[in-house]
Amino acid sequence: MTPLLRVRDLHVGFGRDPKANEVVKGVSFELMAGQTLAIVGESGSGKSVTALSINRLVDFGGGQITAGSIHFQRSDGSVLDVTQADEKTLRRVRGSGIGMIFQEPMTSLNPVHTIGAQIEEAFRLNRGLTGAAGRQAALDVLDRVRIPDAKSRLAYYPHQLSGGMRQRVMIAMALASSPRLLIADEPTTALDVTVQAQIMALLAELRAETGMSMIFITHDIGLVAGIADNIMVMQQGVAVEQNQIDAVLDNPQHDYTRHLLKAVPHFSAGKAVRTDGHRVEGRAPIVSVDDLVVRFPVGRGLFRAKAAVHAVDGVSFDLQPGETLAIVGESGSGKSTTARAILGLNSHQRGAITTAAGRSRRPIQMVFQDPFASLNPRLNVEALLAEPAIANGQRKDAALHERMQFLLERVGLPADALERYPHQFSGGQRQRLCIARALMLNPDVVVLDEAVSALDVSVQARVLDLLVDLQREFNLAYLFISHDMAVVERIAHRIAVMFAGQIVEIGEARGVLADPQHSYTKRLIAAVPAVERRNQHFAVDMTQVPSLVRQAGYEPPEARWRQAGIDHQVRVEVAS
Amino acid sequence: MTRVFGALWQHPSGRVGLFIIGLYLTLALLGVLGLTPHPALKQFMIDRLTGPSASYWMGTDLLGRDTMSRLMLGIGQSMLIAFASVAWATLAGTIIGLFAAWLGGLWDGVLMRLMDVLLAFPAILLALLIIAIVGPGTFTSVTAIAIVYTPIFARVVRGPALSLKQRDFVDAARTFGSSQRYILSRHLLLNLVAPLAVQVTLALAWALLTEAGLSFLGLGTQPPTPSLGLMLAESKNLMQQAPWLMIFPALTIMLGILGFNLTGDALRDILDPRTQRRTA
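Nothing here was measured: the structure is a model prediction, and the numbers come from that model. (Residues numbered from 1 in each chain as written. Chains lettered and ligands numbered in written order. Predicted model: local features only at pLDDT ≥ 70, side-chain atom pairs only at ≥ 80, totals over all residues. Heavy atoms only, no water.)

## Considering the overall build of chain A
- Tallying secondary structure elements over chain A gives 19 helices and 22 strands in all.
- What you see for chain A is a C-alpha radius of gyration of 25 Å, in line with the 25 Å of a compact globule of 576 residues.
- For chain A, the spread of C-alpha atoms along the three principal axes comes to 75 × 55 × 50 Å.
- Residues counted as buried form 54% of the 576 residues belonging to chain A.
- Restricting to contacts in chain A with at least 6 residues of sequence separation, those with at least 24 account for 71%.
- In chain A, the 61 positive side-chain charges and the 61 negative ones have mean positions that sit 4 Å from each other. (Helix = DSSP H or I, 4+ residues; strand = E, 2+ residues; numbered from the N terminus. Rg over C-alpha atoms; globule rule 2.2 N^0.38 Å. Buried < 20%, exposed > 50% of the residue type's maximum accessible area, 1.4 Å probe, protein only. Contact = heavy atoms within 4.5 Å. Lys, Arg positive; Asp, Glu negative; His and termini not counted. Charge placed at Lys NZ, Arg CZ, Asp CG, Glu CD.)

As structure tokens, this is what we get:
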């Protein structure tokens with residue numbers, strides 16, 4: 001049987017002299033029809049470039065295939081060498097033969113068209129569906145990728161959707177062409193675990209239905225464990241190991257594969273929680289939040305907004321010095337909004353946020369998710385670190401310089417870093433820089449908003465270790481916002497689970513993870529991907545996230561809480 | 001800064017543009033210092049309307065004044081007006097655009113609608129209107145051209161400023177309690193330097209042309225001070241007897257605009273973040 005795809009000794013280079021700047025250095029693999037290949041590696045390993053070469057999209061990024069062949073079997077049985085094909089043939093192949101889902105959902109959608117129009121366009125081009133049939137197909141496919149209020153969402157523009165929603169739209173569009181080969185380039189990296197599990201289940205189901213092959217690019221071995229047939233591990237442009245999935249996972253041959261498998265944060269349902277630093281009952285909290293409400297008005301009435309998005313609805317918790325409270329939940333659950341509210345960055349909030357007198361005038365500091373966006377690219381490290389101090393009336397003197405040096409060394413950056421600019425650092429180093437900057441004012445509380453989510457797994461593990469060390473050294477309290485249960489398990493003392501703007505379960509980490517009580521917490525924990533759970537069957541869970549848009553004046557019913565253990569409270573679920 | 005100049009010199013059209021601008025600045029400086037081949041205002045009555053020759057490289061005019069010397073002074077005059085007016089337009093436009101973006105809401109609406117009104121007039125017509133009210137002269141030309149080009153700068157600044165305002169590093173600055181002044185200057189303005197630099201170079205070319213146009217109509221620089229547009233105007237009746245009187249000022253204007261445009265294009269290539277990332 002001829003394979004659907006046969007790649008032989010592929011070399012891809014960039015720049016003026018592609019032969020000298022090779023990013024992919026001789027990769028070979030085969031893919032049978034209906035099979036799934038996972039390409040695993042950290043950023044810079046050449047996994048995306050390899051995948052982009054298969055439909056020659058790499059040409060548009062300045063890359064060039066310098067050697068090797070890519071044979072793709074088309075639907076009529078003929079075999080096409082993609083490396084030699086002309087642009088016209090390639091366009092046809094990209095449309096119906098090879099579908100693609102990209103990593104970056106914002107830039108892949110056209111911001112001036114509604115998502116409905118864009119999905120209908122995909123159906124019109126690929127299946128010739130127009131008018132009502134196209135609209136119905138768009139509606140169905142949106143339902144399949146679990147977008148709540150699918151009907152009204154068709155009229156939304158990309159910027160009105162969250163990152164997770166946008167990626168679901170992208171996946172819906174790729175599905176429109178029912179391709180023979182689907183290349184998914186880190187498609188679920190930006191998604192929540194429950195959605196991620198659903199998308200994986202959905203892709204697996206689609207594969208079974210249509211006999212479509214898949215190439216799945218990811219940095220997370222645990223994620224592909226359940227879906228891939230074969231796996232290829234890449235490092236610096238070379239495939240260091242490729243074999244059947246069980247062979248690689250159970251008996252890795254190459255050192256790098258072993259390293260990757262070890263670095264992946266393992267979720268162990270509460271067995272790996274921290275044992276240091278316990279909450280002392282009755283101790284005065286450093287921050288306490290009482291009945292926080294954040295609503296963003298939508299839809300203009302004559303005098304006031306007709307409705308509001310209830311982003312955060314009645315959230316209360318407190319944080320003691322030196323402890324970590326992790327807030328977990330899906331995108332749109334209000335966890336980031338809660339974090340921003342504590343720093344006063346929202347415009348429509350009410351409720352009491354009480355902060356005890358801290359060590360400095362600004363006892364709460366924040367580290368953002370994207371280390372590339374949260375540092376001004378035009379300022380050097382010295383100016384970046386000095387900013388919080390200057391803002392609080394300090395002078396740029398020897399003492400300040402000493403503190404900068406101390407913190408840089410403490411977060412593990414070289415001493416000569418002060419002169420350099422953000423773009424000269426890697427993602428992990430930049431996040432260390434952000435942490436150092438947050439510590440400049442000697443705060444009591446650091447809000448970490450998905451602070452390690454954008455980092456590679458091995459970098460992530462080191463930054464987490466650093467955070468734990470810093471917490472002990474400076475007696476910091478962390479408010480750790482994350483969607484990643486495995487990461488949360490490593491750093492949290494207590495966990496609050498948020499769903500649709502409300503806390504549904506809060507308590508000591510071990511209790512919440514080992515014995516989840518609320519149905520949403522259970523679902524969240526069940527969705528965590530792991531190497532050990534690869535033989536579990538994922539079902540497409542079509543549970544809808546409730547719409548958060550409410551009529552003006554709506555107040556949610558008062559929450560009733562149930563005690564599930566010492567320091568473990570669960571919101572009583574109301575049957576709906 | 002030196003990095004940008006180095007890159008400009010490496011860029012093919014940037015090098016030509018920089019060379020032309022450098023040449024013009026040198027000529028203008030020599031003119032201002034009085035180091036012209038002949039005194040610019042002196043009338044050599046015997047040599048009236050002489051063609052280009054060894055002693056008058058670009059010929060003489062109806063009053064026997066040396067064209068080349070007058071051109072050198074004229075370049076100085078035109079450049080002075082162009083640079084001064086663009087400097088004012090940049091300053092005013094940046095402040096207006098920045099505040100419109102930062103304050104938002106009503107302020108944004110009022111300021112930008114005002115800019116739209118100015119932008120709705122053709123540049124030369126608006127300049128004419130202003131001069132008609134105030135009366136001609138060097139200072140009026142500077143003011144008129146500055147007002148005409150302010151809205152362009154306001155727009156160039158407002159767009160990127162709006163997106164910068166939403167960036168995480170601005171939120172981060174808020175969490176430290178940085179002052180508005182600090183955020184506006186270090187986080188917004190510093191990131192606007194690149195688009196502004198490109199716009200300034202291109203605006204210099206337009207300002208040069210507008211100044212020439214106004215002087216041609218007799219509304220800019222007043223005689224006997226030489227200016228490129230004025231020299232063109234004086235030559236128009238002698239086009240047949242003394243074509244050099246028209247050719248040299250016209251070439252000077254064209255070459256000057258070409259110089260600024262080439263530099264502007266090169267700057268845009270160099271400062272474009274996409275090309276920058278590839279070289280970094």
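## Concerning the sheet that holds strand S21 (residues 561-565) of chain A
Residue and element names in this part refer to chain A.
- Here 8 strands make up an open sheet; going across it, the order is S15-S16-S17-S13-S18-S19-S22-S21 and the pairing mixed. The outermost strands of the open sheet, each flanked by one partner alone, are strand S15 (364-367) and S21. Strand-to-strand twist of the sheet, defined as the mean angle between neighbouring strand axes without regard to direction, takes the value 20°.
- As paired elements, S21 and strand S22 (residues 568-571) share 4 bridges and run antiparallel to each other. Bridge pairing in S22 links Trp561 to Arg571. (Pairing = 2+ DSSP bridges. Axes fitted to C-alpha atoms, helices over the stretch in contact; angles between N-to-C directions.)

## Section: a nonpolar patch on the surface
All names here are of chain B.
- On the surface, a cluster of nonpolar side chains totalling about 670 Å² of accessible area is made up of Trp88, Leu91, Ile95, Phe99, Leu103 and Trp107.
- Among the elements that take part in the nonpolar patch, helix H3 (residues 67-103) stands out by supplying 5 residues, more than any other.
- Here Phe99 is to be found in helix H3. (Patch = residues over 30% accessible without salt bridge, like charges linked within 9 Å, V, L, I, M, F, W, Y side chains within 5 Å. Areas by Shrake-Rupley, 256 points an atom, 1.4 Å probe, with all protein chains shown as cover. Salt bridge = Lys/Arg side-chain N within 4 Å of Asp/Glu carboxyl O.)

## Topic: the interface of chain A and chain B
- With 25 residues of chain A at the contact, the number on the chain B side is 17 residues.
- Surface buried jointly by chain A and chain B totals about 1,900 Å² across both partners, of which 56% is contributed by carbon and sulfur atoms.
- On the surface where chain A and chain B come into contact, there are 1 salt bridge.
- In this structure, the salt-bridge partner of B:Asp171 is A:Arg340, at a minimum N-O distance of 3.0 Å.
- Counting the contacts that link chain A with chain B gives 9 residue pairs in polar contact (both at pLDDT 80 or more).
- Mapped onto the side of chain A that touches chain B, the elements with two or more residues apiece are S15 and helix H13 (381-391) of chain A.
- Ranked by residues supplied to the side of chain A that touches chain B, first place goes to H13(A) with 5 residues.
- In terms of residue class, the side of chain A that touches chain B is built from 14 nonpolar, 5 polar and 6 charged. (Buried area = accessible area lost by both parts, 1.4 Å probe. Polar contact = N/O pair within 3.5 Å; in protein donor to acceptor, adjacent residues only side chain to side chain. Nonpolar A, V, L, I, M, F, W, Y, C, P; charged D, E, K, R; others polar.)

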